[in-house]
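The chain contents come next:
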Amino acid sequence: MSVLVKIADLDLSGKTVLIREDYNVPIKDGVVTSDVRIRATLPTLKQVLEAGAKIILVSHFGRPVAGKYNDAFSLAPVAKCLSDFLEVDVPVIKDWVDGIDMEDHQVVLCENVRFEAGETKNDDELARKMAQLCQVYINDAFATAHRAQASTHGVAKYAAVSAAGPLLINELKSLSKALREPAQPIIAIVGGAKVSSKLTVLETLSEKVDQLIVGGGIVNTFLKAAGYEVGKSLYEPDLIETASKLIKQAEENGCQIPLPVDVICGKEFNENTKAVTKSINDVEADDMIMDVGPETSKQLNEIIAKAKTIVWNGPLGVFEFDQFSQGTESLAKAIANSEAYSIAGGGDTIAAISKFDVEDKISYISTGGGAFLEFLEGKKLPAVDILEEAARAWTAMEKAREL
Ligand code: AMP
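Residues numbered from 1 in each chain as written. Predicted model: local features only at pLDDT ≥ 70, side-chain atom pairs only at ≥ 80, totals over all residues. Heavy atoms only, no water.

## Concerning the overall build of the protein chain
Looking only at helices and strands, one finds 13 helices and 16 strands in the protein chain. Taken against the 2.2 N^0.38 rule, which gives 22 Å for 403 residues, the C-alpha radius of gyration of the protein chain at 23 Å falls within 12% of a compact globule. Its C-alpha atoms give the protein chain principal-axis dimensions of roughly 70 × 50 × 35 Å. The buried share of the protein chain, reckoned over its 403 residues, is 54%. Here the analysis covers contacts within the protein chain between residues at least 6 apart in sequence; of these, 73% occur between residues at least 24 apart. (Helix = DSSP H or I, 4+ residues; strand = E, 2+ residues; numbered from the N terminus. Rg over C-alpha atoms; globule rule 2.2 N^0.38 Å. Buried < 20%, exposed > 50% of the residue type's maximum accessible area, 1.4 Å probe, protein only. Contact = heavy atoms within 4.5 Å.)

## Concerning helix H1 (residues 36-50)
An ideal rise of 1.5 Å per residue puts 21 Å on 15 residues; H1 measures up with 22 Å between its terminal C-alpha atoms. In the structure, H1 departs most strongly from a straight axis at Leu42, where the bend amounts to approximately 30° and where the proline Pro43 lies between one and four residues downstream. The elements touched by buried residues of H1 are strand S1 (16-20), strand S3 (31-32), strand S4 (54-58), helix H2 (76-86), strand S7 (136-139) and helix H5 (166-180). Within two residues after H1, Gly52 carries a phi angle of roughly 95°, on the positive side. (Expected span 1.5 Å × (residues − 1). Bend = angle between axes of the 7 residues up to and from the residue.)

## Brief notes about the environment of Ser354
Summarising the element assignment, Ser354 is placed in helix H11 (residues 347-355). Taking C-alpha positions, Ser354 is 35 Å from Gly227, a pair spaced 127 residues apart along the chain.

## Thoughts on the domain arrangement of the protein chain
Annotation of the protein chain at the domain level lists domain 1 (7-168 + 380-402) and domain 2 (184-339). Taking only C-alpha atoms into account, the centre of domain 1 sits 38 Å from that of domain 2. (Domains from an automatic or database assignment.)

## Focus on helix H13 (residues 382-402)
Compared with an ideal rise of 1.5 Å per residue, which puts 21 residues at 30 Å, H13 spans 30 Å between its outermost C-alpha atoms and is within 8% of the ideal. Every buried residue of H13 is accounted for by Ala383, Val384, Ile386, Leu387, Glu388, Ala390, Ala391 and Trp394. Turning to H13, the residues buried within the fold contact S7, helix H4 (150-158), strand S8 (161-164) and H5.

## What to know about the side chain of Thr221
With respect to the secondary-structure elements, Thr221 resides in helix H7 (residues 216-225). Other than its neighbours up to four places away in sequence, Thr221 contacts Val195, Tyr235, Glu236, Leu239, Ile240 and Ala243.

## Section: the pairing of S8
Here S8 shows a buried face lined by Val161 and Ala163 and a second buried face lined by Ser162 and Ala164. By the bridge criterion, 4 bridges tie S7 to S8 in an arrangement that is parallel. Within S8, the residue paired with Val136 across the bridge is Val161. Assessed by its sense of winding, the connection that carries the chain from S7 through H4 to S8 is right-handed. (Pairing = 2+ DSSP bridges. Right-handed = clockwise from strand over helix to strand, strands pointing away.)

## A word on the packing of aromatic side chains
Each pair of aromatic rings is reported with the distance of its centres and the angle of its planes. On inspection of all chains with the given rule, the structure shows 3 aromatic pairs. Between the aromatic rings of Tyr69 and Phe115, the centroid separation amounts to 5.2 Å while the plane-to-plane angle is 65°, which identifies the pairing as edge-to-face. Here Phe115 lies in the loop between strand S6 (107-110) and helix H3 (124-132) and Tyr69 lies in the loop between S4 and H2, a separation of 46 residues in the sequence. With a relative accessible area of 7%, Phe115 lands in the buried category. Here the guanidinium or amino end of Lys94 rests over the ring plane of Tyr69, the centre of that ring lying 4.1 Å away. The ring of Tyr158 carries Arg128 above its face, with NZ or CZ at 4.4 Å from the centroid. (Phe/Tyr/Trp six-rings, centres within 6.5 Å; stacked < 30°, edge-to-face > 60°. Lys NZ or Arg CZ within 6 Å of the ring centre and 35° of its normal.)

## Structural notes on the site of the ligand
In the vicinity of the ligand there are 14 residues, among which Ala193, Lys198, Gly216, Ile289 and Glu320 approach most closely. At 3.5 Å from a nitrogen atom of the ligand is found a main-chain nitrogen or oxygen belonging to Gly217. A distance of 2.5 Å separates an oxygen atom of the ligand from a polar side-chain atom of Glu320. Calculation on the ligand without its partners gives an accessible area of 510 Å², and the protein chains cover 80% of this total. Elements that contribute at least two residues to the shell around the ligand include exactly H7 and strand S13 (288-292). Top element by residues in the shell around the ligand is H7. It accounts for 3 residues. Within the shell around the ligand, the residues separate by chemical class into 6 nonpolar, 5 polar and 3 charged. (Near = heavy atom within 4 Å. Polar contact = N/O pair within 3.5 Å; in protein donor to acceptor, adjacent residues only side chain to side chain. Areas by Shrake-Rupley, 256 points an atom, 1.4 Å probe, with all protein chains shown as cover. Nonpolar A, V, L, I, M, F, W, Y, C, P; charged D, E, K, R; others polar.)

## Observations regarding the sheet that holds S4
The strands making up a sheet associate through backbone hydrogen bonding, with each pair oriented either parallel or antiparallel. Spatial ordering of the open sheet is given by S5-S6-S4-S1-S7-S8, a layout of 6 strands whose pairing is parallel. The sheet terminates laterally at strand S5 (92-93) and S8, the two strands that pair on one side only. Relative to S4, S1 runs parallel, the two being bridged by 5 bridges. Within S4, the position partnered with Arg20 by the bridge is Val58. Helix-sheet contacts for H13 involve S7 and S8, and the interaxial angle to S8 is about 125°. (Axes fitted to C-alpha atoms, helices over the stretch in contact; angles between N-to-C directions.)

Next up, the structure:
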């Protein structure tokens, strides 16, 4: 793995440290409904506090309109959770960009960084102001590392010292370890709604893996490409040709893309629609394919059982509706029971893993969705790239100081 500055490399005593965390957590009626992500950050916060620093926390939450405050996207519920966990008051600061009055050893949480007009545009002026708030910037948020934004990228250019937090380092280490020399055969499962959002990862994986299992809305486009009727199912007509090419390319690379032999259909897209299992040859013009059938699950389970490495992103069906969740459940359980090294990532995948209660049996669960996919594609994550650059500058400076 590349060289990054770590917390342990730094003297943080008396310093102000700005930490970019990922507190984009589920919140309902002003209360955090899953605090997993918040709890995961506590060791980082404790390490920095024990080193004698004060902490400014920055995170995004949801997708508010940039440039104005909106109660619905406030991070106040997260501050409440942090206060409880750390047993100190963690205030939320609304106007923080131009400076924050802080006491020694204090922890404050800045309001949703996406309320700031320049955040998603990676605006230089905002990045500079963030850098001026602190002596050390730490990025600990893997899930946003594929985005070059002011709090994930720009700030690292201007902060006096920019380092990687333990959560970020752990993700990078675990993913590169698993992907550098993966045990063969490798099986990848890419499910979810659309081919278009996962096209590049499908292309890359088809060059690297032995079997590429596609599912969800994605498989409908592949079925259409293979000449099957998909009725009213979600599929992308303009990507049928791309899917055909992918099937051919995969074959040339020795990778198989198995297609379902049976599917579970409904007539409407809602949680009350009746689920009917059909052979793939019997799908009618008014059917919507919403899951793979039991025979397909059996075949997929056999493939999974032979794998030594499994990479999983995306559900095989509309798993949120119980009558269309069996394909994803069967897959999750097959992965859980396999002896392969398994890596899974992405919001819906994590939700499925949790729904089917297999968290403990997946070798590594990445917090990233987009970042996880881009890492799989072998792309450089901009937030990591800039930290590497900062690490080179920091190392040179430290060497010069020693001379
Ligand atoms: P993604 O965000 O691309 O990973 O897509 C996840 C979403 O795809 C989930 O909310 C699933 O309900 C949905 N999905 C999976 N299979 C289908 C399908 N056959 N038809 C429509 N939506 C689907």
